[in-house]
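Okay, here's what each chain looks like letter by letter:
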Amino acid sequence: MSRLGIIDSGQKIVSDGLIFHLDAAQLRSYPSTGSVWRDVSGNNLSGSIGSQTWSNSYGGRINFSGNQTFDIPNDTPIDNISTGVTVNIIVDAPLSSAMGFNVVISRTTNNNWNDGFAFFYGGSNINWWVNNWGNRITYTIPGNGNQTTPMIYTGTYSTTDNLKLYVNGTLHTSRSLSGNISMPANSDLTIGSGPRDSYYWANNSGFYVSQIYNRALSATEVLQNFNALKSRFGL
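Conventions we followed
Residues numbered from 1 in each chain as written. Predicted model: local features only at pLDDT ≥ 70, side-chain atom pairs only at ≥ 80, totals over all residues. Heavy atoms only, no water. Phe/Tyr/Trp six-rings, centres within 6.5 Å; stacked < 30°, edge-to-face > 60°. Buried < 20%, exposed > 50% of the residue type's maximum accessible area, 1.4 Å probe, protein only. Helix = DSSP H or I, 4+ residues; strand = E, 2+ residues; numbered from the N terminus. Pairing = 2+ DSSP bridges. Axes fitted to C-alpha atoms, helices over the stretch in contact; angles between N-to-C directions. Polar contact = N/O pair within 3.5 Å; in protein donor to acceptor, adjacent residues only side chain to side chain. Contact = heavy atoms within 4.5 Å. Core = buried A, V, L, I, M, F, W, Y, C linked by side-chain atoms within 4.5 Å. pLDDT = per-residue confidence, 0-100.

1. Let's talk about the packing of aromatic side chains
So, step 1. Per the counting criterion, the structure on display carries 11 aromatic pairs.
So, step 2. Both rings, one in phenylalanine 119 and one in tryptophan 128, keep their centres 5.0 Å apart while their planes meet at 35°; by these two values the pair is tilted.
So, step 3. Given the relative accessible area of 0%, phenylalanine 119 is considered buried.
So, step 4. Taking the relative accessible area as the measure of exposure, tryptophan 128 reaches 0% and is therefore buried.
So, step 5. Counting every residue linked through ring pairs, the aromatic cluster contains Trp113, Phe120, Trp129 and Trp133.

2. Thoughts on the pairing of strand β11 (residues 137-140)
So, step 1. With burial as the criterion, only one face of β11 is covered, namely that bearing Ile137 and Tyr139; the residues Thr138 and Thr140 on the opposite face remain uncovered.
So, step 2. Two successive antiparallel strands, strand β10 (residues 125-130) and β11, enclose a turn made up of six residues, where asparagine 131 displays a positive phi of approximately 75°.

3. Observations regarding the sheet that holds strand β15 (residues 189-191)
So, step 1. Pairing in this open sheet of six strands is antiparallel, and the strands run β6-β15-β8-β9-β10-β11 from one edge to the other. Where the open sheet ends on each side, the last strands, each with one partner, are β6 (70-72) and β11. When strand polarity is set aside, the average angle formed by the axes of neighbouring strands in this sheet is 20°.
So, step 2. Examined bridge by bridge, strand β8 (residues 101-107) and strand β9 (residues 117-122) share six bridges and lie antiparallel to one another. Looking across to β9, one finds that phenylalanine 101 is bridged to glycine 122.

4. Considerations on the environment of alanine 25
So, step 1. One can find alanine 25 in the loop between β1 (18-23) and β2 (36-37).
So, step 2. Looking at alanine 25, the relative accessible area reads 2%, which means it is buried.
So, step 3. With 32 residues separating them in the primary sequence, alanine 25 and serine 57 have C-alpha atoms 9.0 Å apart.

5. Quick notes on the side chain of aspartate 75
So, step 1. Tracing the backbone shows aspartate 75 in the loop between β6 and α1 (76-79).
So, step 2. Within polar-contact distance, the side chain of aspartate 75 engages the backbone nitrogen of leucine 189 at 3.1 Å.
So, step 3. For aspartate 75, the residues in contact, after removing those within four places along its chain, are Leu45, Arg107, Ser187, Asp188 and Leu189.

6. Looking at the nonpolar core
So, step 1. Of all hydrophobic cores here, the largest spans 43 residues; its most connected members are Val85, Ile89, Phe117, Phe119, Trp128, Tyr153 and Ile212.
So, step 2. A total of five residues in this core trace back to one element, the largest contributor, which is strand β7 (residues 84-93).
So, step 3. When residues no more than four places from it in sequence are discounted, the contact partners of tyrosine 153 are Val87, Asn88, Ile89, Val91, Phe119, Tyr121, Ile126, Tyr139, Ile141, Gln147, Tyr166 and Val167.
So, step 4. In terms of nonpolar packing, the next biggest core, distinct from the first, is built from eight residues, Val14, Tyr166, Tyr213 and Leu217 among them.

7. Looking at the pairing of β10
So, step 1. Taken across its six residues, β10 has five buried, putting it largely inside the fold.
So, step 2. Counted between consecutive antiparallel strands, the loop separating β9 from β10 contains two residues, among which glycine 123 sits at a positive phi close to 60°.
So, step 3. Where β10 lies against β11, four bridges are found, and the strand directions are antiparallel. Bridged to isoleucine 126 within β11 is tyrosine 139.

8. Re the confidence of the model for the chain
So, step 1. Overall, the prediction assigns the chain a mean pLDDT of 84, with 83% of residues at 70 or greater.
So, step 2. Model confidence for the chain, summarised as mean pLDDT per element, is weakest for β6 at 75 and strongest for strand β13 (residues 163-167) at 98.
So, step 3. Under a pLDDT of 50 for its full length, residues 1-9 has, in the predicted model, 34 contacts with residues more than four places off or in other chains.

9. Some remarks on unusual backbone geometry
So, step 1. With phi around 85°, serine 32 is a residue other than glycine that occupies positive phi space.
So, step 2. Here serine 32 is to be found in the loop between β1 and β2.
So, step 3. Of note in the backbone geometry, asparagine 44 takes a positive phi value of approximately 55° without being a glycine.
So, step 4. Looking at the secondary structure, you find asparagine 44 in the loop between β2 and β3 (47-48).
So, step 5. Judged by its relative accessible area of 59%, asparagine 44 falls in the exposed class.

This is the structure we're talking about:
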């Protein structure tokens, strides 16, 4: 059950390989009150909301106001990622032009950012990396990074393909990368900060949807997910 439905524009999101799914508009995921934001992938990778608040913007938005994080402990299905990954996020960040390094979502052990994966803002850019932040690929947000409306960012990687970043369903850039994904077993998935509550997301940022897959989605599948959600966000 949801406020707007998991189906939008007549298409379903891709389910094959889906191991984590948060959606602030789905009542099963977050019913607008309470301390738990629930994973609806079937893996129950849920976590506790801190001082973040919920609003009904675009059906459901978790509002981050700086110095806040949302941790997902005991995330074994993410531990087991090895040869492929997809991270899909729908966010806005009206104050991103004032940011330094600010993490949206990450699964890494330390502030050196040399394992796992992450999406992070840096000034007017959003960045996606796997295994080491030096591998990052970047999208420059128009308007000096003042992203006042939601955007859909999708990062993929496979040992048989490149590291790729899609923006609103369209491939923006890719780079060569090789080797298995180095997933740390002694860290949590975090939203709104890096490991050990570092590099907090900026004030007034919003998180709507996150999906993680244990494989790299194809360009067709990335577009399918975009088409399933675009009308909700006016894209």
